[in-house]
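Each chain, letter by letter, is given below.
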Amino acid sequence: MSLPVRYPTASLKPHREESLMSGHLWIFSGALQQPPHWIGPGGLVDIKSSTGQFVARGYYNPQTDIAIRILTHDAEEVIDREFLRRRIQNAVELRQIFDPERTTTYRLIHSEGDGLPGLVVDRFSDILVAQIHTAGMERLRPLLIDALVKETSAAGILFRNESQSRRREGLKVEEPVVAAGVVPDQIAVRENGVQFSVDPWHGQKTGFFLDQRDKREALRKYARNKRVLNCFSYTGGFSVYAARSGPITRVTSVDISASAIDAARNHFALNGLDPDAHAFLVADVFDYLEEAQRNGEQFDVVVLDPPAFAKTQAARSQALKAYRRLNTLGMQVLRPGGILFTCSCSGVVGMDDLLGTLSQVARHLRRPVQLLESYTHGVDHPINLVMPETTYLKAVFCRVG
Ligand code: SAH
């Protein structure tokens with residue numbers, strides 16, 4: 001006979017349960033009547049309303065602004081291996097929309113968006129690359145590995161717990177570590193029928209930027225037989241899609257990382273494209289664009305996918321300046337009537353900010369801009385409807401007159 005599981009309790013101040021009842025997954029420390037200091041970082045806790053009603057169950061960290069992240073709103077749901085298996089099953093079911101003939105890589109678990117705060121898991125064919133961002137998820141690590149193996153039949157799981165944000169949680173920044181099976185140096189994947197080879201050990205983040213899949217697909221129609229400039233190309237995701245779109249398409253890929261540019265060249269060859277018919281440059285994009293503008297270079301399509309310029313609210317106004325500068329330079333090398341694809345992956349910069357920046361640049365350069373398409377991260381990065389603040393990627397296609 002198993003005894004019922006009991007968790008320690010934290011009580012909310014009056015009326016602070018409302019957003020939780022509608023499905024929000026964060027509790028800030030200011031909403032708690034008395035912080036439960038006796039619970040260590042990452043410990044499980046039941047949250048009660050000021051009148052003593054059960055509201056939700058989650059994990060607590062006394063060191064972070066978000067004091068509690070919710071795992072369940074069901075008082076009967078125990079946080080164990082079976083709980084993790086149910087959440088993973090639910091995530092796996094959503095990703096069945098991908099046709100394995102065309103796409104073998106996608107985000108399998110997107111943190112709050114999949115009801116597992118603090119956890120990201122990306123699938124690269126039969127290998128999983130995971131990142132744990134919180135002390136609460138760290139405590140669940142042994143159960144999690146077991147649940148992932150059972151629910152995904154992955155041949156290998158690699159943890160890439162290198163993010164500096166772990167320090168805020170009181171966690172160590174780790175070297176990559178194999179949690180199960182065997183993880184090769186390179187993994188062959190397909191994305192919308194395009195071939196890539198991903199380095200799960202050394203690649204940026206988990207190895208590949210899966211949040212741009214739908215935008216890469218959308219780029220094809222604009223790139224056909226055009227001169228395309230891909231700024232911040234990384235391993236050439238957008239470049240390969242563009243180059244495959246038409247026999248006389250010419251693509252210039254620019255990134256500051258020499259190893260990323262090497263990988264981009266390899267990705268052209270992997271897709272039957274002659275890398276020598278295209279340009280690959282290891283350079284700072286700002287320097288490159290300034291020089292291209294001075295030389296009067298013009299492209300039909302410009303892609304701007306920079307790293308996050310602002311990681312905190314304090315860095316926001318500097319970041320907006322950098323986006324203004326980048327988009328100004330990008331438009332200046334775009335021929336009249338050309339297509340600009342521009343993004344921000346800074347969480348603190350909203351879609352309104354991105355569109356506002358574009359309007360300012362357009363006015364300054366006296367060039368009319370037509371907004372054609374706007375995007376976020378794609379179906380494998382679902383957004384909890386009541387947590388729009390977790391949307392980090394904003395991306396638009398525009399026509400610049
Ligand atoms: N568009 C890419 C992902 C871009 S990630 C894709 O679809 O895969 C951002 C990239 O910007 C990284 O590869 C990083 O090396 C590069 N980078 C960062 N700062 C840069 C700079 N100042 N100039 C050029 N590249 C830069």
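The following refers to the structure shown. This structure is a prediction, so every number in the text was calculated from the model and none was measured. (Residues numbered from 1 in each chain as written. Predicted model: local features only at pLDDT ≥ 70, side-chain atom pairs only at ≥ 80, totals over all residues. Heavy atoms only, no water.)

Tallying secondary structure elements over the protein chain gives 11 helices and 19 strands in all. Computed over C-alpha atoms, the radius of gyration of the protein chain comes to 23 Å, within 12% of the 21 Å expected from 2.2 N^0.38 for 401 residues, which places it in the range of a compact globule. Principal-axis analysis of the C-alpha atoms gives the protein chain an extent of 75 × 45 × 35 Å. Buried residues in the protein chain amount to 53% of all 401 residues. Considering only contacts in the protein chain between residues 6 or more positions apart, those separated by 24 or more positions represent 63%. Accessible surface computed for the protein chain: about 17,800 Å², of which carbon and sulfur atoms make up 51%. (Helix = DSSP H or I, 4+ residues; strand = E, 2+ residues; numbered from the N terminus. Rg over C-alpha atoms; globule rule 2.2 N^0.38 Å. Buried < 20%, exposed > 50% of the residue type's maximum accessible area, 1.4 Å probe, protein only. Contact = heavy atoms within 4.5 Å. Areas by Shrake-Rupley, 256 points an atom, 1.4 Å probe, with all protein chains shown as cover.)

Relative to the helices and strands, Glu 112 resides in the loop between strand S6 (105-110) and strand S7 (119-124). On the basis of relative accessibility, which here comes to 9%, the residue Glu 112 falls in the buried class. Linking Glu 112 and Ala 180, residues 68 residues apart in sequence, is a C-alpha distance of 24 Å. Residues within four places of Glu 112 in sequence aside, it is in contact with Leu 25, Trp 26, Arg 69, Pro 117, Gly 118, Asn 384 and Met 387.

Turning our eyes to something else, we now look at the site of the ligand. Every one of the 15 residues lining the ligand counts as a neighbour, but Arg 216, Asp 255, Ile 256, Val 285 and Asp 305 are closest to it. Arg 216 is positioned such that a nitrogen or oxygen atom in its side chain is 2.9 Å from an oxygen atom of the ligand. The separation between a nitrogen atom of the ligand and a polar main-chain atom of Ile 256 is 3.1 Å. When isolated, the ligand has an accessible area of 580 Å², and the protein chains bury 89% of it. (Near = heavy atom within 4 Å. Polar contact = N/O pair within 3.5 Å; in protein donor to acceptor, adjacent residues only side chain to side chain.)

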